[in-house]
Amino acid sequence: MSTLMVRAFVAFELSPEMRQQLAAAQAVLRGCSARLTFVDPAIIHITVKFLGEIDEKKIPQVVAALKSVTAAPFPVTGGSITVNNPRSPRTVWCAIEDAGKGRDVFSAVETVLAPLGFPRETRSFTSHATLARVKEADPSLFRCLEELKNTPCGSCTVSGLKLKKSTLTPRGPVYEDLCEVKW
């Protein structure tokens, strides 16, 4: 009997208005010479925890664990558009300001998923929304980031989290909601 594996992650959704502002920032980034692969604005989100390939039979346990995570809705604001590492950029993202609330939820998610065999992250949680992946960096990327320095990136309220399935396709990932936990 074969095991069906599902690529999954836990995320916070952003409002359509905030995604629209992030799409405007992407338009500026398209003007640089770096080779970038852009995230479809309709699916820009904040990843709380990437679970990787998990056995489909484990999903009900993950859903039950996530439903035990409690929090109050909290505001998030798009901060600076930057890269994960200026010396060797792999990702262009919008830093998210949330007064530490995202990190609190991340810690709770880590706590409820660890008993199910999901290893705890070794890196600290950095709340961000990925706009593009860097295939080949170029100095023009940093000029665009400078141009975006004071660009408003919007704000919204996070009022829950989602378990999402990610199916990779040649045209980019396709996401499907497996579970939503509302606060």
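In the block above lies the structure referred to throughout.
Participant: Can you explain the pairing of strand 1 (residues 5-13)? Please cite residues and give values.
Facilitator: One ladder, built from nine bridges, connects strand 1 with strand 3 (residues 45-55); its direction is antiparallel. Bridging from a neighbouring strand, valine 6 pairs with isoleucine 54 of strand 3. Pairing between strand 1 and strand 8 (residues 160-167): four bridges, direction antiparallel. Opposite phenylalanine 9, over in strand 8, you have lysine 164 as the bridge partner.

Participant: Kindly report on unusual backbone geometry, identifying the contributing residues and their values.
Facilitator: A negative phi angle characterises most non-glycine residues, just as the trans form characterises most peptide bonds. Even without being a glycine, alanine 99 presents a positive backbone phi close to 55°. Inspection of the secondary structure assignment puts alanine 99 in the loop between strand 5 (91-97) and helix 3 (101-113). Overall, alanine 99 belongs to the exposed group, its relative accessible area being 78%.

Participant: Quick one: what's the story with the packing of helix 2 (residues 59-67) against helix 3, residue by residue and with numbers?
Facilitator: Look at helix 2 against helix 3: their axes get within 9 Å of each other, and the N-to-C directions meet at 135°. Judged on the interaxial angle alone, helix 3 and helix 2 are oblique. Our pair here, helix 2 against helix 3, has a crossing hand that is right-handed. Here Val62, Ala65 and Leu66 of helix 2 lie close against helix 3, whose contacting residues are Val109, Val112 and Leu113. Broken down by class, the residue content of the contact of helix 2 with helix 3 amounts to six nonpolar, no polar and no charged.

Participant: Any details on the side chain of lysine 49? Residues and values, ideally.
Facilitator: Positionally, lysine 49 belongs in strand 3. Among the polar contacts made by the side chain of lysine 49, one reaches the main-chain carbonyl oxygen of proline 119 at a distance of 2.9 Å.

Participant: Account for the nonpolar core, with residues named and values stated.
Facilitator: In terms of nonpolar packing, the biggest core is built from 54 residues, with Val92, Leu141 and Leu163 touching the most fellow members. If near-sequence neighbours (up to four positions away) are discounted, leucine 163 is found in contact with Ala8, Phe9, Val10, Leu51, Ile59, Val62, Val63, Leu66, Glu176, Asp177, Leu178 and Cys179.

Participant: Account for the pattern of salt bridges, naming residues and giving values.
Facilitator: Opposite charge on two side chains permits pairing when their charged atoms draw close. Per the stated rule, a full pass over the model turns up ten salt bridges. Salt-bridge contacts for lysine 162 lead to glutamate 13; the nearest nitrogen and oxygen are separated by 3.6 Å. Of this pair, lysine 162 sits in strand 8 while glutamate 13 sits in strand 1, placing them 149 residues apart in sequence. Under the relative-accessibility criterion, lysine 162 is labelled buried at 14%. Residue glutamate 136 is joined to arginine 35 by a salt bridge in which the shortest nitrogen-to-oxygen separation is 3.3 Å. Of this pair, glutamate 136 sits in strand 6 (residues 128-136) while arginine 35 sits in strand 2 (residues 35-38), and the two are 101 residues apart along the sequence. A residue is classified by how much of its surface remains accessible, and glutamate 136, at 46% relative accessible area, is partly exposed. The structure contains a network of salt bridges with shared partners spanning Glu13, Arg19, Lys162, Lys164 and Asp177.

Participant: Provide a residue-level description of helix 1 (residues 16-29), including the pertinent values.
Facilitator: Helical geometry note: an α-helix holds 3.6 residues per turn, so side chains three or four residues apart project in the same direction. When the terminal C-alpha atoms of helix 1 are compared, their 20 Å separation across 14 residues agrees well with the 20 Å that a helix rising 1.5 Å per residue should span. Residues Met18, Arg19, Leu22, Ala25, Gln26 and Leu29 constitute the buried set of helix 1. Angularly, the buried residues of helix 1 cover 110° about the axis, an arc narrow enough to put them on a single face. Of the residues in helix 1, the exposed ones pointing more than 90 degrees away from the buried face are Pro16, Glu17 and Gln20.

What counts as what
Residues numbered from 1 in each chain as written. Predicted model: local features only at pLDDT ≥ 70, side-chain atom pairs only at ≥ 80, totals over all residues. Heavy atoms only, no water. Pairing = 2+ DSSP bridges. Helix = DSSP H or I, 4+ residues; strand = E, 2+ residues; numbered from the N terminus. Buried < 20%, exposed > 50% of the residue type's maximum accessible area, 1.4 Å probe, protein only. Axes fitted to C-alpha atoms, helices over the stretch in contact; angles between N-to-C directions. Parallel < 35°, antiparallel > 145°, perpendicular 65-115°, else oblique. Left-handed = near helix turned anticlockwise from the far one by under 90°. Contact = heavy atoms within 4.5 Å. Nonpolar A, V, L, I, M, F, W, Y, C, P; charged D, E, K, R; others polar. Polar contact = N/O pair within 3.5 Å; in protein donor to acceptor, adjacent residues only side chain to side chain. Core = buried A, V, L, I, M, F, W, Y, C linked by side-chain atoms within 4.5 Å. Salt bridge = Lys/Arg side-chain N within 4 Å of Asp/Glu carboxyl O. Expected span 1.5 Å × (residues − 1). Arc of directions from axis to C-beta.

Function cannot be read off these values alone, since they describe shape.
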